[in-house]
Amino acid sequence: MRRQDRMVTNIDEIKGILNSTRIIHLGMMDGDYPYVVPLHFGYEFIDDVLHIFVHGHHEGKKFSLIKVNPHVFIEIHGDDEALVSGGDIPCKYSSVYSSVMGRGEAAYLENIDEKVHGLQVLMKHQTGREFTFTDAMVNSVGVVQIKVVDYTAKRRRQFEQDIIMPPLTK
């Protein structure tokens, strides 16, 4: 990472970034071109390894691509983006942000107990609630578990001297 001063290594801060948003951008390969899709997600750490769960229809494009090539890339940005003014110097403008990005191995889950677990993790992250799933519910969706094998987290904090710009209006 070029900006070592913005690297986040504290696991609690990383969880804070993950907890601040509900959307992941999942990148897969579609032949010669990347294919990126935003998805709802849930996560857990198992033996200090980040695992992400996503779901969707059994016959969707993302699942077809994952079955062909399980190597994926994740991008999650925290819900804290704000434009910081650079005044009269355009190259001094910046943003307050946080993100987690990394490479992973995706596996389409077949075992019903594993699917239930993945859906429970996902729904707990999305809603803060715990749910019970029937077999019919579980069988109606596909669930993918991504073992994130390498990731980085980064943050640019707001400083007292920053002048935060208002959001763009249409």
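Everything numeric in this text was worked out from a predicted model, so none of it was measured.

**A closer look at the packing of aromatic side chains**
Here is step 1 of the chain: Scanning the model with the defined rule gives 2 aromatic pairs in all.
Here is step 2 of the chain: Aromatic side chains Phe63 and Tyr108 sit 5.2 Å apart centroid to centroid with 70 degrees between the ring planes, which places their arrangement in the edge-to-face category. With a gap of 45 residues between them, Phe63 in helix α2 (residues 61-68) and Tyr108 in strand β8 (residues 94-108) connect regions that are remote in the sequence.
Here is step 3 of the chain: Its relative accessible area of 1% is what places Phe63 among the buried residues.
Here is step 4 of the chain: The class for Tyr108 is buried, based on a relative accessible area of 18%.
Here is step 5 of the chain: Seen from the ring of Phe63, Lys62 lies directly overhead, with NZ or CZ sitting 5.2 Å from the centre.
Here is step 6 of the chain: For Lys67, the ring lying beneath its charged end belongs to Tyr108, and the centroid distance is 4.2 Å.

**Focus: the pairing of strand β4 (residues 42-46)**
Here is step 1 of the chain: With 5 bridges connecting them, β4 and strand β5 (residues 49-56) associate as antiparallel partners. Bridge pairing in β5 places Phe45 opposite Leu50.
Here is step 2 of the chain: Connecting the antiparallel pair β4 and β5 is a turn made up of 2 residues, with Asp47 showing a positive phi of about 50 degrees.

**Some remarks on helix α3 (residues 112-127)**
Here is step 1 of the chain: For α3, with 16 residues, the first-to-last C-alpha span of 22 Å sits near the 22 Å given by 1.5 Å per residue.
Here is step 2 of the chain: Those residues of α3 not exposed but buried are Lys115, Val116, Gly118, Leu119, Val121, Leu122, His125 and Gln126.
Here is step 3 of the chain: Elements that come into contact with the buried residues of α3 comprise α1 (11-19), β3 (33-40), β4, β5, α4 (135-139) and β9 (142-156).
Here is step 4 of the chain: You can read the cap of α3 off the contacts: a side-chain oxygen lies 2.8 Å from the backbone nitrogen of Asp113, and it is on Asn111.
Here is step 5 of the chain: Positive phi shows up at Gly128, right after α3, with a value of about 80 degrees.

**Observations concerning the nonpolar core**
Here is step 1 of the chain: Core analysis: the biggest nonpolar cluster contains 27 residues, and Ile24, Leu26, Ile52, Val144 and Ile146 have the highest contact counts within it.
Here is step 2 of the chain: At 4 residues, the largest contribution of residues to this core is made by β9.
Here is step 3 of the chain: Among all residues touching Ile146, those that are not within four sequence positions of it are Leu26, Leu50, His51, Ile52, Val72, Ile74, Gly104, Glu105 and Ala106.
Here is step 4 of the chain: Grouped together as the second largest cluster of nonpolar side chains are 9 residues, Phe53, Leu109, Leu119 and Val138 included.

**Quick word on α2**
Here is step 1 of the chain: What α2 keeps buried is the set Lys62, Phe63, Leu65 and Ile66. The arc enclosing the buried residues of α2, seen along the axis, measures out at 160 degrees, which places them on a common side. Facing away from the buried side of α2 by more than 90 degrees, the exposed set consists of Lys67 and Val68.

**Remarks on the pattern of salt bridges**
Here is step 1 of the chain: For the structure on display, the rule yields 4 salt bridges.
Here is step 2 of the chain: The partner of Arg155 in a salt bridge is Glu13, with the nearest N and O atoms 3.1 Å apart. You can see Arg155 sitting in strand β9 and its partner Glu13 sitting in helix α1, a full 142 residues away along the chain.
Here is step 3 of the chain: Relative accessible area serves as the criterion here: at 17%, Arg155 is assigned to the buried category.
Here is step 4 of the chain: When its relative accessible area of 29% is taken as the criterion, Glu13 is described as partly exposed.
Here is step 5 of the chain: We note a salt bridge from Arg103 to Asp150, for which the minimum N-O separation is 3.3 Å. Taken together, the positions of Arg103 in strand β8 and Asp150 in strand β9 put the pair 47 residues apart, joining distant regions of the chain.

Rules of the game
- Residues numbered from 1 in each chain as written.
- Predicted model: local features only at pLDDT ≥ 70, side-chain atom pairs only at ≥ 80, totals over all residues.
- Heavy atoms only, no water.
- Phe/Tyr/Trp six-rings, centres within 6.5 Å; stacked < 30°, edge-to-face > 60°.
- Helix = DSSP H or I, 4+ residues; strand = E, 2+ residues; numbered from the N terminus.
- Buried < 20%, exposed > 50% of the residue type's maximum accessible area, 1.4 Å probe, protein only.
- Lys NZ or Arg CZ within 6 Å of the ring centre and 35° of its normal.
- Pairing = 2+ DSSP bridges.
- Expected span 1.5 Å × (residues − 1).
- Contact = heavy atoms within 4.5 Å.
- Polar contact = N/O pair within 3.5 Å; in protein donor to acceptor, adjacent residues only side chain to side chain.
- Core = buried A, V, L, I, M, F, W, Y, C linked by side-chain atoms within 4.5 Å.
- Arc of directions from axis to C-beta.
- Salt bridge = Lys/Arg side-chain N within 4 Å of Asp/Glu carboxyl O.

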